[in-house]
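Take a look at the letters that make up each chain.
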Amino acid sequence: MDHFENHHKEEHHDSALIINSGIEQPPAVNPGYVRKKRRQLTVNDYVEGILKGDITVLSQAITMIESLLPEHHATSQEIIEKCLPHAVDSMRIGITGVPGAGKSTFIEAIGNKVTGLGHKLAVLAIDPSSEKSKGSILGDKTRMETLVHNPKAFIRPSPSAGSLGGVARKTRETVVLAEAAGFDVVFIETVGVGQSETAVHSMTDLFLMLQISGAGDELQGIKRGIMEMADMVAITKADGENVGRANMAKAHFISALNLFPMPESQWRPRVYTCSSYEGTGLNDVWCGIEDYIKFTRDNGYFRLNRHRQAKYWMYETINEALKERFYNSPAVEAMIPQSELDVLENRKSSFAAAKELLSAYFREAREAKE
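In this text the structure is predicted, and so the values were computed from the model without any measurement.

1. Structural notes on the overall build of the chain
Of regular secondary structure, the chain possesses 16 helices and seven strands. Residues counted as buried form 41% of the 370 residues belonging to the chain. Across the chain, the fraction of contacts at a sequence separation of at least 24, relative to all contacts at a separation of at least 6, is 76%. Working note: accessible area of the chain is about 21,600 Å², and carbon and sulfur atoms make up 56% of it.

Structure, rendered in structure tokens:
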């Protein structure tokens, strides 16, 4: 052993690697300074800050909603409960669009117009794509340079991971806090495509679809079935040489929308052309939004839709909580790998395996009760 250590020391001595002793640290500027721990906010502190419109407190409360810690979940639910009676009567507007339609440019342009009219605007996002890429809307946030610095606007990226159902539920809860903080216009943007449109549709008063002209995009939108959800269509980038194409696309959309049966709201969707770059057509789009809100408030559909959505999110929350509890059950976690293998190798049917897992879960729940 001694021979090995001596040999090792010799090798180290001959090595070209030299370890410097490092730079001596300068003395502390204030040796008596002790970093104070930030005071933990209580539920009442959060509620008070939100009702005052304090953006920092609002952001912290939203972070708590997004947290996976059980104690944060309990606190956030209490905050939501206390903020609910104070939520302002807002306009919730869902915004979706094909890739390249310029969603963030449009939101910034119309957002500055909306705040200029005296409204307070919150921009939220639903980003199911983050489940795979772990990305978020932060890229869009940096592109909305003027809106980010607008004191009457609040932009919040979506949670950076999680199932679409979970992300959507958290966005729905964030809407309540934003409204309690005095934001009377809420834009909810879909960052991904597909199911996220359905999620946004289930929490908004008006669904606005952005489209670009040419390349058969108008037919693409109709094919996807998203057109049936749209209360309004805005064809963006209607500037320069593109004005003619945008007007042609507008005519296509009007024809297509007339083929659909009359929506339950009794509002026939309108089509607009606009340019976020030049600022043209944005007034018309906003006036159209106000017309829709007034029309649906007058005929009772606005209230009916809100009630239906509240009921839908009650059941969604129950489903999400049950699913989470089921998959976090130790009995289920222990059985899942073998159950998957049995199904893949045709030793059991999918239904039999599911039944066994459910039985194990209920058995565990009964034993815990006893």
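Still to come is the rest of the account.
2. Details of the packing of aromatic side chains
Following the criterion strictly, the structure yields seven aromatic pairs and no others. A centroid spacing of 5.3 Å and a plane angle of 90° characterise the contact between Trp-267 and Tyr-292, whose relative ring orientation is edge-to-face. Of this pair, Trp-267 sits in the loop between helix H12 (243-259) and strand S7 (270-273) while Tyr-292 sits in helix H13 (residues 282-299); the two residues are 25 residues apart in sequence, bridging distant segments of the chain. Considered together, Trp-267 and Tyr-292 belong to a single accessibility category, that of buried residues. Every member of this aromatic cluster is reached through a ring pair, and the members are Phe-326, Tyr-327, Tyr-361 and Phe-362. The cationic tip of Arg-297 hangs over the ring face of Phe-302; the distance from NZ or CZ to the ring centre is 4.2 Å.

3. With respect to helix H4 (residues 70-83)
In this model, H4 (14 residues) spans 20 Å end to end at C-alpha, consistent with the 20 Å of a helix rising 1.5 Å per residue. Listing the buried residues of H4 in full gives Ser-76, Ile-79, Ile-80 and Cys-83. All buried residues of H4 fall inside an arc of 100° around its axis, so they share one side. Exposed and facing more than 90 degrees away from the buried side of H4 are Pro-70 and Glu-81.

4. Things to note about the pattern of salt bridges
Should their charged atoms come close, side chains of opposite charge can pair. Evaluated as defined, the whole model comprises 13 salt bridges. Among the salt bridges present, the one from Asp-298 reaches Lys-294, with a minimum N-O distance of 2.8 Å. Within this pair, Asp-298 and its partner Lys-294 are both found in helix H13, separated by four residues, close to a single helical turn. Taking the relative accessible area as the measure of exposure, Lys-294 reaches 54% and is therefore exposed.

5. Notes on unusual backbone geometry
Here the phi dihedral of Lys-237 falls at roughly 60°; this positive angle occurs in a residue that is not glycine. With respect to the helices, strands and loops of the structure, Lys-237 is situated in the loop between strand S6 (232-235) and H12. On the basis of relative accessibility, which here comes to 40%, the residue Lys-237 falls in the partly exposed class. A positive phi is found at Gln-266, a non-glycine position, where the angle reads about 70°. Residue position: Gln-266 is located in the loop between H12 and S7.

6. Focus on the pairing of strand S5 (residues 206-211)
The buried fraction of S5 amounts to six of the six residues, a majority that puts the element mostly inside the structure. Alternating positions in S5 separate into two faces, Leu-206, Leu-208 and Leu-210 on one and Phe-207, Met-209 and Gln-211 on the other, with burial throughout. Pairing of strand S1 (residues 91-97) with S5 involves five bridges; the strand directions are parallel. Its bridge partner lying in S5, Ile-93 is registered against Leu-206. The pairing of S5 with S6 spans four bridges and is parallel. The residue bridging Leu-210 from the neighbouring strand is Ala-234, located in S6.

7. Brief notes about the nonpolar core
Residues Ile-50, Leu-58, Ile-79, Ile-126 and Leu-177 are the most contacted members of the largest nonpolar core, which totals 47 residues. If you tally residues by element for this core, the top one is helix H9 (residues 164-180), at seven residues. Of all hydrophobic cores here, the second largest spans 35 residues; its members include Met-91, Met-144, Leu-210 and Met-232.

8. Here's the deal with the side chain of Ser-339
Following the sequence through the fold, Ser-339 ends up in helix H15 (residues 330-344). Exposure remark for Ser-339: the relative accessible area of 7% places this residue in the buried category. With near-sequence residues (within four places) excluded, Ser-339 lies in contact with Ala-353 and Leu-357.

9. As for the sheet that holds S6
Each strand in a sheet pairs with another by means of backbone hydrogen bonds, the pair being arranged parallel or else antiparallel. If you trace the seven strands from one edge of the open sheet to the other, you get S3-S2-S4-S1-S5-S6-S7, paired in parallel fashion. Edge positions in the sheet fall to strand S3 (153-156) and S7, since each of these pairs with one other strand and no more. Strand after strand, the sheet turns through a mean of 20° between neighbouring axes, direction not considered.

10. Some remarks on the pairing of strand S4 (residues 185-190)
With six of its six residues buried, S4 lies for the most part within the structure. Every second residue of S4 is oriented toward a common face, with Val-185, Phe-187 and Glu-189 on one face and Val-186, Ile-188 and Thr-190 on the other, all of them buried. By the bridge criterion, five bridges tie S1 to S4 in an arrangement that is parallel. Residue Met-91 lies in a different strand from S4, and its bridge partner there is Val-185. Where strand S2 (residues 121-126) lies against S4, six bridges are found, and the strand directions are parallel. Bridged to Ile-126 within S4 is Thr-190.

11. Side note on the side chain of Ser-329
Relative to the assigned elements, Ser-329 resides in the loop between helix H14 (301-327) and H15. Within the structure, the side chain of Ser-329 is placed 2.6 Å from the side chain of Glu-364, a separation counted as a polar contact. With near-sequence residues (within four places) excluded, Ser-329 lies in contact with Tyr-361 and Glu-364.

Calculation rules
Residues numbered from 1 in each chain as written. Predicted model: local features only at pLDDT ≥ 70, side-chain atom pairs only at ≥ 80, totals over all residues. Heavy atoms only, no water. Helix = DSSP H or I, 4+ residues; strand = E, 2+ residues; numbered from the N terminus. Buried < 20%, exposed > 50% of the residue type's maximum accessible area, 1.4 Å probe, protein only. Contact = heavy atoms within 4.5 Å. Areas by Shrake-Rupley, 256 points an atom, 1.4 Å probe, with all protein chains shown as cover. Phe/Tyr/Trp six-rings, centres within 6.5 Å; stacked < 30°, edge-to-face > 60°. Lys NZ or Arg CZ within 6 Å of the ring centre and 35° of its normal. Expected span 1.5 Å × (residues − 1). Arc of directions from axis to C-beta. Salt bridge = Lys/Arg side-chain N within 4 Å of Asp/Glu carboxyl O. Pairing = 2+ DSSP bridges. Core = buried A, V, L, I, M, F, W, Y, C linked by side-chain atoms within 4.5 Å. Axes fitted to C-alpha atoms, helices over the stretch in contact; angles between N-to-C directions. Polar contact = N/O pair within 3.5 Å; in protein donor to acceptor, adjacent residues only side chain to side chain.

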